[in-house]
Amino acid sequence: MADPAHRAAERAARESYGRLVAYLAARSRDVAGAEDALAEAFASALQTWPQSGVPDNPDAWLLTVARRRQADAARRRSTRNAGEAHLTMIADELAEGGGDPVPDRRLALMFACAHPEVEAPMRAPLILQAVLGLTAADIAAAFLVPPATMGQRLVRAKTRIRDAGIPFAMPEPEELPERLDAVLAAIYAAYTRGWADPSDSGPERLADEAIWLAQVVVGLLPDSPEAKGLLALMLYAEARSRARRDAAGAYVPFEQQDAALWDREAIAAAEAMLHAANRGGPTGRYQIEAAIQSAHLARRLGGADTWPAVVQLYDVLMRLTPSPVVLLNRAAAVAEVEGPEVALASLESIAGDKRLDTYQPWWAVRGHLLAKAGRKAEAHEALSLAIGLADDQAVRQYLMQQRAALADG
């Protein structure tokens, strides 16, 4: 078992990494440099804390050490103005007090990472790493990109921010809408990452963090239908969180969940937010995804046959944001309306997409459809691949049961 110092460092890395990087980068305008300085601060903590004890405020200790590392780096880069940079940082530190909580600059940094000077496809991934602390591998999985490729792209994006001198501050109100899509995409990717991680629990849940950030964005841009649509989407999902595992920790798929465990207040809040979004203007991706969740809940709670409506909603979503993931989810709904063979046929257009080779839901859904179609050998192969790619032990056990059932059918 790790000693208290190592546990404290791990907790700080898990809970405060994004906030610390955001604060450091807000001053230096150098995301990569901020990450390097913070990494050195954590290394110093692992050497110092076992001997001197864990400080009362680990975040403030890490921030102080990281800022001194930034000052050292500034001194190495430019002898002429190194003294000024060092004095400025020390003066700020003294003025703010070393024991004060770290100010939360994440939202400003998120909009900074969505600056027009940053390549559009890299804005959301950059936010996820620089602000929310996700690894390149996690981000790559979310965007169906090889981890090495994503890592290289992130390095280039950070270099671009530094070289262009992009200001790490909240943009002017009129500049917010053009940057909103990337911010919402990053918030949703963070939520889905936390949702999929069974260890994401406690007071610093990544899923809770994402919901909070979405609430802040809704307050910042109250006329944005998509910000409200995203918040509604996450609230629908969060309402079912207690029913996703049974008492023994086993995975429970949506159609088998105990609806009595669902949070009705969260559902009501999601419905109200979706209605507000639909009154606010043109329909976008997150409004449609939230409407799909609303239709699923209406089927389970009211007994309505909402599968045809779900398919129609996915058709609209495909026109808005065509992607293999949307087509895969649509196929699962098509199977309930037109049967598994029609659903499988709808996936033929993406069957050769190499990005799906390591995408676990692709094999899980495909295995499910093949099993329903009675194609047991193919189903066994697909489910075996899904099992091998599953990170969640409970999901892995569920898929193994599905595979075993092929022999009994």
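Scroll up to find the structure this text is about.
In short, a report on the structure. Because the structure is predicted, anything quoted here is derived from the model rather than measured.

### Description of the overall build of the protein
Scanning the protein from terminus to terminus reveals 19 helices and zero strands. Relative to all contacts within the protein whose residues are 6 or more apart in sequence, the contacts with residues 24 or more apart total 63%. Split by element, the accessible area of the protein, about 19700 Å² in all, is 53% carbon and sulfur.

### Some words on the packing of aromatic side chains
Enumeration according to the criterion identifies six aromatic pairs in this entry. Note on Tyr 188 and Tyr 286: the rings are 5.8 Å apart at their centroids and 80° apart in plane angle, and the pair reads as edge-to-face. Taken together, the residues Tyr 188 in helix H9 (residues 176-196) and Tyr 286 in helix H13 (residues 285-302) connect sequence positions 98 residues apart. On the basis of relative accessibility, which here comes to 4%, the residue Tyr 286 falls in the buried class. Ring geometry for Trp 362 and Trp 363: centres 6.3 Å apart, planes at 75°, overall edge-to-face. The ring of Trp 195 is capped by Arg 244, whose NZ or CZ atom sits 3.6 Å from the centre of that ring.

### Focus on the pattern of salt bridges
Within this structure, the stated rule accounts for 11 salt bridges. The partner of Arg 160 in a salt bridge is Glu 117, and the shortest N-O contact between them spans 2.2 Å. Of this pair, Arg 160 sits in helix H8 (residues 147-164) while Glu 117 sits in the loop between helix H5 (106-113) and helix H6 (120-130); the two residues are 43 residues apart in sequence, bridging distant segments of the chain. Between Arg 330 and Asp 315 there is a salt bridge, with the nearest N and O atoms lying 2.6 Å from each other. With a gap of 15 residues between them, Arg 330 in helix H15 (residues 324-338) and Asp 315 in helix H14 (residues 307-320) connect regions that are remote in the sequence. Among the residues examined, Asp 315 registers a relative accessible area of 27% and is labelled partly exposed. Here the residues in one salt-bridge network are Glu 341, Arg 375 and Glu 378, joined through shared partners.

### Re the side chain of Gln 293
Here Gln 293 lies in helix H13. Apart from the residues within four sequence positions on either side, Gln 293 is in contact with Leu 233, Tyr 236 and Arg 240.

### Observations concerning the nonpolar core
In this structure, Leu 38, Leu 62, Ile 187 and Met 234 are the most contacted members of the largest nonpolar core, which totals 91 residues. With 13 residues, the single largest contributor to this core is H9. Once residues lying within four places of it in the same chain are set aside, the contact partners of Leu 62 are Ala 12, Leu 20, Leu 38, Ala 41, Phe 42, Ala 45 and Trp 49. Within the second largest apolar cluster, 39 residues are counted, among which are Ile 288, Tyr 359, Ala 379 and Ile 387.

### Considerations on H5
In terms of residue burial, H5 counts as a mostly covered element, since eight of its eight residues are buried. Here H5 has its buried residues at Arg 106, Leu 107, Ala 108, Leu 109, Met 110, Phe 111, Ala 112 and Cys 113.

### Re the packing of helix H11 (residues 225-239) against helix H12 (residues 264-279)
Running from amino to carboxyl end, H11 crosses H12 at an angle of 160°, the nearest separation of the two axes being 8 Å. Comparing the axis directions of H11 and H12 gives the class roughly antiparallel. Pair H11 / H12 crosses with left-handed handedness. Contacts between H11 and H12 involve Pro 225, Lys 228, Gly 229, Leu 231, Ala 232, Leu 235, Tyr 236 and Ala 239 from the first element and Ala 266, Ile 267, Ala 269, Ala 270, Glu 271, Met 273, Leu 274, Ala 276 and Ala 277 from the second. Looking at the contact of H11 with H12 residue by residue, the classes come out as 14 nonpolar, one polar and two charged.

### With respect to the environment of Arg 106
Tracing the chain through its elements places Arg 106 in helix H5. With sequence-adjacent residues up to four places away left out, Arg 106 is seen in contact with Gly 18, Arg 19, Ala 22, Val 131, Glu 209 and Trp 212.

### Some remarks on the environment of Arg 156
Among the structural elements, Arg 156 can be located in helix H8. Here Arg 156 falls in the exposed class, since its relative accessible area comes to 52%. Considering only alpha carbons, one finds Arg 156 and Val 118, 38 residues apart in sequence, at a separation of 9.7 Å.

### A look at H13
In this model H13 runs 25 Å from its N-terminal to its C-terminal C-alpha over 18 residues, within 8% of the 26 Å that 1.5 Å per residue would give. Against the buried residues of H13 lie H9, H11, H12 and H14. Count one or two residues on from H13 and you reach Gly 303, which has phi positive near 80°.

### Regarding unusual backbone geometry
The backbone phi angle of Leu 144 is positive, close to 55°, even though this residue is not glycine. Checked against the element boundaries, Leu 144 lands in the loop between helix H7 (136-142) and H8.

### A look at the packing of H14 against H15
With their axes 9 Å apart at the nearest point, H14 and H15 run at an angle of 155° to one another. Between H14 and H15, the crossing angle belongs to the class labelled roughly antiparallel. Of the two possible hands of crossing, H14 and H15 adopt the one that is left-handed. For the pair H14 and H15, the contacting residues are Trp 307, Pro 308, Val 310, Val 311, Tyr 314, Asp 315, Leu 317 and Met 318 in the first and Val 326, Leu 327, Asn 329, Arg 330, Ala 333, Val 334, Glu 336 and Val 337 in the second. Grouping the amino acids of the contact of H14 with H15 by side-chain chemistry returns 12 nonpolar, one polar and three charged.

### Considering the side chain of Lys 158
Mapped onto the elements of the fold, Lys 158 is located in helix H8. Residue Lys 158 is classed as buried on the basis of its relative accessible area, which comes to 7%. Within the local environment of Lys 158, its side chain forms a polar contact with the side chain of Gln 129, the two groups lying 2.4 Å apart. Contacts of Lys 158, omitting those with residues within four sequence positions, involve Val 31, Ala 32, Glu 35, Leu 126 and Gln 129.

Each value, and the rule that gives it
Residues numbered from 1 in each chain as written. Predicted model: local features only at pLDDT ≥ 70, side-chain atom pairs only at ≥ 80, totals over all residues. Heavy atoms only, no water. Helix = DSSP H or I, 4+ residues; strand = E, 2+ residues; numbered from the N terminus. Contact = heavy atoms within 4.5 Å. Areas by Shrake-Rupley, 256 points an atom, 1.4 Å probe, with all protein chains shown as cover. Phe/Tyr/Trp six-rings, centres within 6.5 Å; stacked < 30°, edge-to-face > 60°. Buried < 20%, exposed > 50% of the residue type's maximum accessible area, 1.4 Å probe, protein only. Lys NZ or Arg CZ within 6 Å of the ring centre and 35° of its normal. Salt bridge = Lys/Arg side-chain N within 4 Å of Asp/Glu carboxyl O. Core = buried A, V, L, I, M, F, W, Y, C linked by side-chain atoms within 4.5 Å. Axes fitted to C-alpha atoms, helices over the stretch in contact; angles between N-to-C directions. Parallel < 35°, antiparallel > 145°, perpendicular 65-115°, else oblique. Left-handed = near helix turned anticlockwise from the far one by under 90°. Nonpolar A, V, L, I, M, F, W, Y, C, P; charged D, E, K, R; others polar. Expected span 1.5 Å × (residues − 1). Polar contact = N/O pair within 3.5 Å; in protein donor to acceptor, adjacent residues only side chain to side chain.

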